[in-house]
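# Coordinate inspection notes
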Amino acid sequence: MNHLKTFTLLAALTALFVGLGYLIGGPTGMLIALVIAGGMNLFSYWNADKIVLKMYRAQPVDEQHPNAVVRTYVADVVQMARDAGLPRPVIAIIPNDQPNAFATGRNPAHAAVCATTGLLDMLTREEIRGVMAHELAHVKNRDTLTMTVTATVAGAIAALANFALFFGGGDDRERPGGIIGTLALMILAPMAAGLVQMAISRSREYEADRVGAEIAGDAESLASALQKIEGWSKRIVNVTAERNPASGQLFIINPLAGRGADNLFSTHPATGNRVKALMALGLNMGVAPRRAEFVEARVSTSVPTTPSRSGPWG
């Protein structure tokens, strides 16, 4: 269903570009906008992994790392990638106290998965496995490619709106609604494209939750991890993400201000909705819930406790 929803939304976005793009810029304006947006996003798609890893000061790690928690983290990612039929990704840690994680790379052969030091410090091994399985699911589903295509079309629509703003977009009198209609299209088209783009992002998160739970063989641990990350993300500031808010959609939980429900302007689904879906999936997988609070799928306002253990960062 999530794949079907993504396909439907992409089709709607394309139809929006073709229909409104023709009205705003005509065939020539459509082509120019698509070429400009496509070029920008192709560069970003090809170099995103290097740019993001450098931005967050990600440090590649392997089985020889002196810290036992990091070695376990690496071993689990390698094992789950192998089980999922994926090439071994670059495995990295990010020096940041906020627990979070993301995946990047243009395809499975050039993928990188990253966990923050806060994630390794605050979550149990099973929860870390669930989070990293989610990130491997993004790699397996080629979500970077999907979001690049989405960004290209949405960017082309925005470029068309700018074209109409600065060059008038042709003879307004020949369009339905005249200049008023043109102005409305200039404002509403990019907004509509942005909303569809965010809806696609949310659908990919739900699908990565589902596939990630299957990779890890444990839906409940991912549900537990999402709740903890959500709680801590409201208390610990991710300075790099705040300075580069566009990168926030990469993370498993929005590293910026939390949101209480799915809404049109969110790139991430509400954590409570994701937990409910994961617990239902866990029951379908034949795994009995271990804790009653997850059956009800309530996201606590306080940060859930983690069994005490010495963290890798002191």
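A brief look at the structure comes next.

Calculation rules
Residues numbered from 1 in each chain as written. Predicted model: local features only at pLDDT ≥ 70, side-chain atom pairs only at ≥ 80, totals over all residues. Heavy atoms only, no water. Helix = DSSP H or I, 4+ residues; strand = E, 2+ residues; numbered from the N terminus. Buried < 20%, exposed > 50% of the residue type's maximum accessible area, 1.4 Å probe, protein only. Contact = heavy atoms within 4.5 Å. Areas by Shrake-Rupley, 256 points an atom, 1.4 Å probe, with all protein chains shown as cover. Patch = residues over 30% accessible without salt bridge, like charges linked within 9 Å, V, L, I, M, F, W, Y side chains within 5 Å. Salt bridge = Lys/Arg side-chain N within 4 Å of Asp/Glu carboxyl O. Axes fitted to C-alpha atoms, helices over the stretch in contact; angles between N-to-C directions. Parallel < 35°, antiparallel > 145°, perpendicular 65-115°, else oblique. Left-handed = near helix turned anticlockwise from the far one by under 90°. Nonpolar A, V, L, I, M, F, W, Y, C, P; charged D, E, K, R; others polar. Pairing = 2+ DSSP bridges.

## Examining the overall build of the chain
Within the chain, the regular secondary structure consists of 10 helices and four strands. Secondary structure elements of the chain, listed N to C terminal, follow the sequence α-β-α-β-β-β-α-α-α-α-α-α-α-α. The burial tally for the chain puts 53% of its 314 residues in the buried class. Counting contacts in the chain only where the partners sit at least 6 residues apart, residues at least 24 apart contribute 72% of the total. Split by element, the accessible area of the chain, about 14800 Å² in all, is 63% carbon and sulfur.

## Notes on a nonpolar patch on the surface
On the surface, Ile187, Leu188 and Met191 cluster together into a nonpolar patch covering about 310 Å² of accessible area. Among the secondary structure elements, methionine 191 is positioned in helix H6 (residues 178-216). Under the relative-accessibility criterion, methionine 191 is labelled partly exposed at 46%.

## Description of the packing of helix H7 (residues 219-233) against helix H9 (residues 271-284)
In contact at an axis separation of 8 Å, H7 and H9 are set at 165° when each is read in the N-to-C sense. The pairing of H7 with H9 is recorded here as roughly antiparallel in orientation. Note on packing geometry: the crossing formed by H7 with H9 is left-handed. Each of Ala219, Glu220, Leu222, Ala223, Leu226, Gln227 and Glu230 in H7 lies in contact with H9, whose residues at this interface are Thr271, Arg274, Val275, Leu278, Met279 and Gly282. Tallied by class, residues from the contact of H7 with H9 come to seven nonpolar, three polar and three charged.

## Digging into unusual backbone geometry
The phi dihedral of arginine 57 is positive, around 55°, even though this residue is not glycine. With respect to the secondary-structure elements, arginine 57 resides in the loop between helix H1 (2-55) and strand S1 (59-60). Positive phi is not limited to glycine here, since arginine 142 has a value of about 55°. When its relative accessible area of 44% is taken as the criterion, arginine 142 is described as partly exposed.

## Examining the pairing of strand S4 (residues 112-116)
The element S4 is extensively covered by neighbouring structure, given that five of its five residues are classed as buried. For strand S2 (residues 90-94) and S4, the ladder comprises five bridges, and the chain directions are parallel. If you follow isoleucine 94 over to S4, its bridge partner there is threonine 116. Sheet analysis places strand S3 (residues 101-104) next to S4, joined by four bridges and oriented antiparallel. Across the sheet, alanine 103 pairs through a bridge with valine 113, a residue of S4.

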